[in-house]
Amino acid sequence: METVKLSRIVMKLTPDMYPCLKSSELDIDIVLRYGLEALEQEDALDIVKHSISEYQKDALLH
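Residues numbered from 1 in each chain as written. Predicted model: local features only at pLDDT ≥ 70, side-chain atom pairs only at ≥ 80, totals over all residues. Heavy atoms only, no water.

Q: So what's going on with the pattern of salt bridges? Residues and values would help.
A: Once their charged atoms are close, side chains differing in charge can pair, the charge on each being opposite to the other. Applying the stated criterion to the full structure yields four salt bridges. The shortest N-O distance in the salt bridge between Asp27 and Lys5 comes to 3.5 Å. One end of the pair, Asp27, is in the loop between helix H2 (23-26) and strand E2 (29-32); the other, Lys5, is in strand E1 (residues 2-5), with 22 residues separating them in the sequence. In this structure Lys5 comes out as partly exposed when scored by relative accessible area, which is 30%. Taken together, the shared-partner salt bridges connect Lys5, Asp27 and Asp29 into one network. (Salt bridge = Lys/Arg side-chain N within 4 Å of Asp/Glu carboxyl O. Helix = DSSP H or I, 4+ residues; strand = E, 2+ residues; numbered from the N terminus. Buried < 20%, exposed > 50% of the residue type's maximum accessible area, 1.4 Å probe, protein only.)

Structural data, given as structure tokens:
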């Protein structure tokens, strides 16, 4: 297992998404069962989508 920041995953596999994410989202810790080297681009996209939805779950909408 390996814990990495979402920013590392994005920069390695989907760097074009980096400017679209907030710094608070990029700072989320992600636990990877098989480590960063085992990820593929599709995995990274799924992780980003899930992380953002979890991060925003408790956000209040105005």
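Q: Describe the side chain of Glu25, with residues and values.
A: Looking at where Glu25 falls in the secondary structure, it is placed in helix H2. No salt bridge is formed by the buried Glu25; the nearest opposite charge belongs to Lys22, separated by 4.7 Å. Polar contacts involving the side chain of Glu25 include one to the main-chain amide nitrogen of Lys22, which spans 2.9 Å. Not counting chain neighbours up to four residues away, the residues in contact with Glu25 comprise Leu6, Ile52, Tyr55 and Gln56. (Lys, Arg positive; Asp, Glu negative; His and termini not counted. Polar contact = N/O pair within 3.5 Å; in protein donor to acceptor, adjacent residues only side chain to side chain. Contact = heavy atoms within 4.5 Å.)

Don't take any of this as a statement about function, it's just geometry.
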